[in-house]
Amino acid sequence: MDQTNNKFYQTCNKHSQNQITFLKVISDQRDSSIFYCIDCVNEDLSFKGIEHVLIPQIVSQSEKNIIQKWPPVNDYSILEKLSKEISNENFSISAIQQINNFFEELKVEIIKKIDFCQKKMINQALNLPLGKEQILNKYKEISQIETLKQILGNYQDQFESQEIKCRAFLSEIESKKEENTQQLQNLLEQCQRKKELINFEKSMTIRQSIYTLIDSINFFPNDSNQFNQSNINPLNNQRLSNTQKIIELVSNKSNFCSQEFLEQLRVNQEYLDAIFNQISFENMFQQNKQPIRFQQLNNQKFEEINEYIDHLIKLQNDQIYNQQIQSSELLRKIFQVVDSKINFISSDVKISLKDIFVQIYPLLNKLGVQEIFNSKQEFELVKNISEVMLQDFILILKKKQEINIQNTYHQSISNFIKQQVETKFPLLERNDLDRILLNFPVFDVVKTNKQIDILKNFEMIKTKYNDGNERIQIIKNLNSTCEIFINEQQYFGIFKGQFSNCISSNILENDKKYIFRIQLEVTDQNQHNFYIGLMQKSQSDLISGDEQNLSCKFKKRRGQFEHFIGLGIDQYKKGNKLVYQDNFKFMLELRVWLGGQVLQILDYPKYEYQLELEDKFKNKLIKYDDLCLYLYLFEENRKYIIKEAYQVDQFDF
Ligand SMILES: [Zn+2]
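Note that the coordinates shown come from a computational prediction; the quantities given were computed from them, not determined experimentally.

Here we come to the coordination of the zinc ion. The protein atoms that coordinate the zinc ion are Cys12 (SG), His15 (ND1), Cys37 (SG) and Cys40 (SG), at distances spanning 2.0 to 2.4 Å. One can describe the site at the zinc ion as tetrahedral: its four donor atoms subtend angles covering 96 to 122° at the metal.

Encoded structure:
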């Protein structure tokens, strides 16, 4: 550059004695001067230093310095700071120089270290039987063959003396036979194990790593092309570097690595980067798998899992431990609960549940054995009930369900019995009894239809109708059953072969419920009629009982007993057309409850048919106040046997 062209030697227009010193770089008015001498400065009352640059500075210093007032900017501190930066001492040594220094030093140090290591390895190799020469040397040392050669080759000695020396040597060597055998054996083994004695592979890997490390030297952090397959660029925070991935893996809580160790890994991350960047991390994990996220668990849970895994491994490998766990007090108690009959757990599930409890024993153990039952005694009581008892209990519960639907407690028999026979429960407090019978109205469940046997006091009598009193036979047996039939052998009156009435002397009471079981019997194959029902006692000597339409008619013919319509009890509640196949016998049941207008005939004991009084006659049951049992008697070879007579609380259906 031509310096002369850069000199500025103009004199001031106003002050000719002065040279121009300043250039006004910011000019607000076109006509104002841009060149200033010292006096111009003096005279300008609004002179601002920041707007004026020293011309000599522009000329002489711009090569090596920043001109602090040029160019005009909004913030002059930028120029000031820039100026400071280039005046910085460190910057005086160039980066190129630093790079050169770094590599020179590196080469020297590496070569020094390599030399040292090389010598060390060679020394070690020399001590090993790694080649013919070394094996031979070792052999010579052990066998002392050189000494033997010396002895044999010493021609100056007399034959005798040579023989003596030789013998002595042989004897010495002979005495070391054991020792030499051992040493030669070792030598042989060492030769054979040559591959174990020297290994180049590991060091070759180290050599490769050194190359890689050297390749990774980079002074320029922004240079993303340096390692095109790596993510070590610190500006790229989106993805983890390979080393960070490895560190994360190693840091998994389940590895229990110390903080100190992990910190060392982190500190050395940059060295490791160079190594791990050689590895493909794309298939780091098995498909769809990730390390178990133990770090998201709190410490307590994590410790529990650790304990749990120890436990599982022991269960798997140690039969005695397995037995100990299964027979532990805690599990025995829990198994009792599982086994308890009242749980109704299926046997497969029981087995699975027990297995699960064995596996999670460490977690269960935190429960504490004492806390399982709040009343052990009561648990035992329930646990020990028999299967039958349990079934009975369930039966009661089921019946209770039914009863609750049908009845209210106030109508229940249990409530009635409780009030009647309180004294029969002396062991229970009154309040307890109330509550228990309310919860378990057992008397509603059990069959409480108490029947009172009235057969013994039930008397049949003959009526005078058609001279019944002379022809009818009534035989009361020892067991109180009563047989009624016609016997005309001794009768010679006008009503021979006429029908008559047999009635009970007992007048049936309005509010009572009666059951009579009466057998119809024939002793020949003729046709026979039977009428059974009620009639008024006051009419029994005057009319045939069937005229009151409170009876049911059966005809025995052709091997069967059949119902015939017409006498009042003709309405079927169950079945239709009652027919009973038998040549001689038919048992029926008569049910009477006058107050309830009930008069029914059923076949007993099958109850396949149920006949009741026609509705139009039912009011007679309450209108007449002297109704009694009525049987129609006609001809011989047939009879009625009253087998049972009861007064009941209620009819079963
Ligand atoms: Zn001037």
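Moving on, there is more to tell.
Of all the five residues making up strand 8 (residues 500-504), five are buried; the element is thus mostly covered by neighbouring parts of the structure. Neither face of strand 8 is exposed, since Ser500, Cys502 and Ser504 on one face and Asn501 and Ile503 on the opposite face are all buried. Relative to strand 8, strand 5 (residues 460-462) runs antiparallel, the two sharing three bridges. The residue bridging Lys462 from the neighbouring strand is Cys502, located in strand 8. Of the strand pairs in this sheet, strand 8 and strand 18 (residues 627-633) are connected by four bridges, and their pairing is antiparallel. Paired with Cys502 across the two strands is Leu631, which belongs to strand 18.

Next up on the list: the pattern of salt bridges. All chains considered together, the criterion is met by 23 salt bridges. Measuring nitrogen to oxygen at the nearest pair gives 3.3 Å for the salt bridge that ties Lys301 to Glu304. Within this pair, Lys301 and its partner Glu304 are both found in helix 14 (residues 299-317), separated by three residues, close to a single helical turn. On the basis of relative accessibility, which here comes to 41%, the residue Lys301 falls in the partly exposed class. When its relative accessible area of 10% is taken as the criterion, Glu304 is described as buried. Among the ionic pairs, Asp615 bridges to Lys618, the shortest N-O distance being 3.1 Å. Here the salt bridges do not stand alone but share partners, grouping Arg517, Glu589, Arg591 and Glu644 into one network.

Pairing within the open sheet is antiparallel, and its three strands lie in the order 2-1-3. Pairing within the sheet leaves two strands with one partner each, and these edge strands are strand 2 (35-36) and strand 3 (52-54). Where strand 1 (residues 22-24) and strand 3 come together, three bridges link them in antiparallel fashion. Bridge assignment links Lys24 to a residue of strand 3, and that residue is His52.

Let us now look at the packing of aromatic side chains. By the definition in use, this model includes 23 aromatic pairs. Geometrically, the ring pair formed by Phe554 and Phe586 is edge-to-face, given 5.5 Å between the ring centres and 65° between the ring planes. You can see Phe554 sitting in strand 11 (residues 551-557) and its partner Phe586 sitting in strand 15 (residues 585-593), a full 32 residues away along the chain. We note that Phe554, like Phe586, is buried. One aromatic cluster is present, formed by Phe530, Phe554, Phe561, Tyr580, Phe586 and Tyr640 through successive ring pairs. Here the guanidinium or amino end of Lys253 rests over the ring plane of Phe302, the centre of that ring lying 5.1 Å away. Across from the ring centre of Phe564, 4.7 Å away, lies the NZ or CZ of Lys577, which sits over that ring.

Criteria and cut-off values
Residue indices follow the written sequence of each chain, beginning from 1 at its first position. Reporting of local features is limited, given that this is a predicted model, to residues whose pLDDT is at least 70; pairs of side-chain atoms are given and counted only at 80 or more, and all residues count toward the totals for whole chains, interfaces and linings. Water and hydrogen atoms play no part in the side-chain values, which are based on all heavy atoms of the structure. Only nitrogen, oxygen and sulfur atoms count as donors, using a 2.8 Å cut-off from the metal that widens to 3.2 Å for Na, K and Ca. Water is left out, so coordination shells may look unfilled. Geometry is assigned from the angles between donors: four donors with all angles from 85 to 135 degrees make a tetrahedral site, four or six donors whose opposite pairs exceed 155 degrees while the rest stay between 65 and 115 make square planar or octahedral sites respectively, and everything else is labelled irregular. The cut-offs for exposure are 20% and 50% of the maximum accessible area for each residue type, with area from a 1.4 Å probe on protein chains only; residues under the lower value are buried, those over the upper are exposed, and the others partly exposed. Numbering goes from the N terminus for both helices and strands, where a helix is a DSSP run of H or I of at least four residues and a strand is a run of E of at least two. Note on pairing: two strands pair once DSSP finds at least 2 bridges between them. What counts as a salt bridge is simple: a side-chain nitrogen of Lys or Arg found within 4 Å of a carboxyl oxygen of Asp or Glu. Side-chain rings of Phe, Tyr and Trp (the six-membered ring for Trp) are treated as a pair once their centres are within 6.5 Å; stacked means planes under 30 degrees apart, edge-to-face means over 60, and tilted covers the remaining angles. Throughout this description, the term charge over a ring refers to an Arg CZ or Lys NZ atom that lies within 6 Å of the ring centre and within 35 degrees of the ring normal.

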